[in-house]
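Read off the chains here:
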Amino acid sequence: MLEVPAPQSTHSRIILTVWSTFTRADDGLPISREACAILLFLVTVRPPSYILPIRLDEIDFRKSIWNVPERDGKPAYRLPLTKLAVALIRQAHSFRQSRDGDFLFPGCFNRQIPMAQTVLSRTFRRAGIAPSSLIRRPAYDLPAAAAWVMMEAGVKSGDVNAIIHRTSQHELLRREKFIREEDWIFERSKIALEAFEEALMSIVGLTYSDPLFRSPRFPQSW
């Protein structure tokens, strides 16, 4: 692991605190399945209500795409997965047991339903980092920190909106009629997420040669 630089902003400190709390000091791997969910929540900038119900068949590893189904009355869409997001999904799968159902993050008692959001809230409390002066509301503070770090890394506001709010620059779309709105949001989201990944890895001292990116392998059925 690289030596972790001292973060300069509050948003960087939030990311460093969360990452260092939920990964092991010796090899940088997530400490639990709950930790994988929290880190994936940060890396994909998706709320727990989207992360926890992930089904195994929603992930296209060949194309590095998460086919997000309709949820909470919102339409289905495609979300690009960065190398770090794929690595975290792979680590989450390594915690699976034979009795687990179709969810990447199954319930603690009933494995046929997704993990409850209260589990993540309890995980934050037990770790002693939320609620705190730095992180009061993880479901709000983590996406907000991600958005600020993106902008600090030079990501355009339109690209940040594409990933955070799934909105598009309609004027641009009118000039480039051959681009569907969904395709535009996908491409701009990919740019934003890749820039965020680079900034995040710099903040936490992570490199692509670290153990997180080397193991374990995906099941052949995926």
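Placed above this text is the structure.
The structure displayed is predicted, hence computed values, not measured ones.

Scoring rules and cut-offs
Residues numbered from 1 in each chain as written. Predicted model: local features only at pLDDT ≥ 70, side-chain atom pairs only at ≥ 80, totals over all residues. Heavy atoms only, no water. Helix = DSSP H or I, 4+ residues; strand = E, 2+ residues; numbered from the N terminus. Buried < 20%, exposed > 50% of the residue type's maximum accessible area, 1.4 Å probe, protein only. Core = buried A, V, L, I, M, F, W, Y, C linked by side-chain atoms within 4.5 Å. Contact = heavy atoms within 4.5 Å. Lys, Arg positive; Asp, Glu negative; His and termini not counted. Salt bridge = Lys/Arg side-chain N within 4 Å of Asp/Glu carboxyl O. Polar contact = N/O pair within 3.5 Å; in protein donor to acceptor, adjacent residues only side chain to side chain. Phe/Tyr/Trp six-rings, centres within 6.5 Å; stacked < 30°, edge-to-face > 60°. Lys NZ or Arg CZ within 6 Å of the ring centre and 35° of its normal.

(A) Focus on unusual backbone geometry. Note the cis peptide between alanine 130 and proline 131, where omega equals 0°. Along the chain, proline 131 falls in the loop between helix 5 (117-127) and helix 6 (138-152). Positioned with a positive phi, serine 64 is a non-glycine residue whose angle comes to about 55°. One can find serine 64 in the loop between strand 1 (59-60) and strand 2 (65-68). Classification of serine 64 as partly exposed rests on a relative accessible area of 26%. One non-glycine residue, aspartate 72, lies in positive phi territory at about 55°. Inspection of the secondary structure puts aspartate 72 in the loop between strand 2 and strand 3 (77-80).

(B) Examining the nonpolar core more closely. Counting residues in hydrophobic clusters, the biggest one holds 66 residues, and the most contacted among them are Trp19, Leu84 and Phe105. What tryptophan 19 contacts, discounting residues up to four positions off in sequence, is Leu39, Leu42, Val43, Leu84, Leu88, Leu200, Val204, Leu206 and Leu212.

(C) Examining the side chain of arginine 46 more closely. With respect to the secondary-structure elements, arginine 46 resides in the loop between helix 2 (33-44) and helix 3 (48-51). Notably, arginine 46 is buried but unbridged: the nearest opposite-charge side chain belongs to glutamate 182, and the N-O separation is 10 Å. A polar contact is formed between the side chain of arginine 46 and the side chain of tyrosine 77, at a distance of 3.0 Å. Non-local contacts of arginine 46, meaning those with residues more than four positions away in its chain, are made with Phe41, Ile51, Trp66, Tyr77, Leu79, Ile163, Ile164 and Arg166.

(D) Examining the packing of aromatic side chains more closely. Following the criterion strictly, the structure yields three aromatic pairs and no others. Ring centres 5.5 Å apart and planes at 80° place the aromatic pair phenylalanine 22 and phenylalanine 124 in the edge-to-face group. Taken together, the positions of phenylalanine 22 in the loop between helix 1 (10-21) and helix 2 and phenylalanine 124 in helix 5 put the pair 102 residues apart, joining distant regions of the chain. As far as burial versus exposure is concerned, phenylalanine 22 and phenylalanine 124 are alike and both buried. For the pair tyrosine 50 and tyrosine 77, a centre-to-centre distance of 6.4 Å together with 35° between the ring planes defines the contact as tilted. Remark: tyrosine 77 occurs in strand 3 and tyrosine 50 occurs in helix 3; sequence separation between them is 27 residues. Pair check on accessibility: tyrosine 50 and tyrosine 77 agree, each one buried. Over the aromatic face of tyrosine 208 sits the side chain of lysine 83, whose NZ or CZ is 4.9 Å from the ring centroid.

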